[in-house]
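Architecture and fold: a report
Single-letter residue listing:
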Amino acid sequence: MATATTMRPLVSLALPDQGVARLAAQLFLALAGTLLLTLSAKTKVVLGPVDISLQTLAVLLIASAFGMRLAVATLILYLAEGAMGLPVFQGTPEKGIGIAYMLGSTGGYLAGFVVMAAIAGWAADRGSDRHPFKLFGAMLVAEIVMMAMGFAWLAVLIGPEKSWQFGVVPFIAGDLIKVALAASLVPAVWALLPKRS
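Residues numbered from 1 in each chain as written. Predicted model: local features only at pLDDT ≥ 70, side-chain atom pairs only at ≥ 80, totals over all residues. Heavy atoms only, no water.

1. Quick word on the packing of helix 2 (residues 55-66) against helix 6 (residues 132-158)
A pair of packed helices is captured by two measures, namely the crossing angle of their axes and the spacing between those axes. For the pair helix 2 and helix 6, the least separation of the axes is 11 Å and the interaxial angle reads 130 degrees. By the angle class used here, helix 2 and helix 6 are oblique. As for the relative orientation of helix 2 and helix 6, their crossing is right-handed in sense. Here Thr-56, Leu-60 and Ser-64 of helix 2 lie close against helix 6, whose contacting residues are Leu-135, Met-139, Ala-142, Glu-143 and Met-146. Looking at side-chain class alone, the contact of helix 2 with helix 6 contains five nonpolar, two polar and one charged residues. (Axes fitted to C-alpha atoms, helices over the stretch in contact; angles between N-to-C directions. Helix = DSSP H or I, 4+ residues; strand = E, 2+ residues; numbered from the N terminus. Parallel < 35°, antiparallel > 145°, perpendicular 65-115°, else oblique. Left-handed = near helix turned anticlockwise from the far one by under 90°. Contact = heavy atoms within 4.5 Å. Nonpolar A, V, L, I, M, F, W, Y, C, P; charged D, E, K, R; others polar.)

2. Details of the pattern of salt bridges
Summed over all chains, the structure comprises two salt bridges. Put simply, Asp-129 and Arg-130 hold a salt bridge, and the shortest N to O gap is 2.7 Å. Using a relative accessible area of 0% as the deciding quantity, one classes Asp-129 as buried. Residue Asp-175 pairs with Lys-178 through a salt bridge whose shortest N-O separation is 3.0 Å. Note that Asp-175 and Lys-178 are positioned in helix 8 (residues 172-192) at a spacing of three residues, about one turn of the helix. A relative accessible area of 6% places Asp-175 in the buried class. The exposure class of Lys-178 is buried, given its relative accessible area of 7%. (Salt bridge = Lys/Arg side-chain N within 4 Å of Asp/Glu carboxyl O. Buried < 20%, exposed > 50% of the residue type's maximum accessible area, 1.4 Å probe, protein only.)

3. Here's the deal with the side chain of Asp-129
Within the secondary structure layout, Asp-129 lies in the loop between helix 5 (107-125) and helix 6. If sequence neighbours within four positions are ignored, Asp-129 has contacts with Pro-9, Leu-10, Ser-64, Ala-123, Ala-124, Leu-135, Val-186, Pro-187 and Trp-190.

4. Things to note about the packing of aromatic side chains
Counted under the stated rule, the structure contains three aromatic pairs. On the basis of an interplanar angle of 90 degrees and a centroid distance of 5.3 Å, the ring pair of Tyr-78 and Phe-89 is categorised as edge-to-face. With Tyr-78 in helix 3 (residues 68-83) and Phe-89 in the loop between helix 3 and helix 4 (98-102), this residue pair connects regions lying eleven residues apart in the sequence. The same class applies to Tyr-78 and to Phe-89, which are both buried. Ring geometry for Phe-89 and Tyr-101: centres 5.5 Å apart, planes at 15 degrees, overall stacked. On the criterion of sequence distance, the pair formed by Phe-89 in the loop between helix 3 and helix 4 and Tyr-101 in helix 4 is long-range, its members being twelve residues apart. Residue classification places Tyr-101 among the buried positions, given a relative accessible area of 11%. (Phe/Tyr/Trp six-rings, centres within 6.5 Å; stacked < 30°, edge-to-face > 60°.)

5. What about the environment of Leu-60?
Within the secondary structure, Leu-60 sits in helix 2. Between the C-alpha atom of Leu-60 and that of Ala-124, which follows or precedes it by 64 residues, the distance is 10 Å. Ignoring any residue separated from it by four or fewer positions in sequence, one finds Leu-60 in contact with Met-116, Ala-120, Met-139, Ala-142, Val-179 and Ala-182.

6. Comments concerning the nonpolar core
Membership of the largest hydrophobic core comes to 45 residues, with the highest contact counts inside it found for Leu-60, Phe-66, Phe-89 and Met-139. Listed by contribution, the elements that provide at least two residues to this core are helix 1 (19-42), helix 2, helix 3, helix 4, helix 5, helix 6 and helix 8. For this core, the leading source of residues is helix 2, giving eight residues. (Core = buried A, V, L, I, M, F, W, Y, C linked by side-chain atoms within 4.5 Å.)

Take it as geometry only, folks, not as evidence of what the structure does.
What follows is the structure, encoded as structure tokens:
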């Protein structure tokens, strides 16, 4: 008989088991997640020649804590808020709002956040969120896929050479630090919780 491969993510510890209360709690968490994503987008850390937001860290933490389905729903809700013109992205409203902003230079990265959340959340659903090295590997794959999507879209707009030079290279060190931090934090939280049978 096959064994179940799905485990419960961190957030499941706080969710009601079923019914309207569970749905309401998930909606609240998704909205709270979009608020965290907005705050992380607006928070800049100067690391070398570019300002780096904490957004990829927030995406990875949300994915690992929420699991794949709720994390992807949260990211889609976040993109919907941005598409409706809410100033939730790093460059809004200064560099535009809504769909026009989303189709600009950051469009590939924004779409990549959804895929990033799916990959990291999928790994968390399978218990990798309890093991820092497994989680780091999954998050690194998620990071690479997100950056590849951002690079590909930016390359269409400004060419591959400039896309690599301005859209990838300046962010490598900072994003590796964020992946390592996220991969350490979530298993540390699990380690602090009492063991469940």
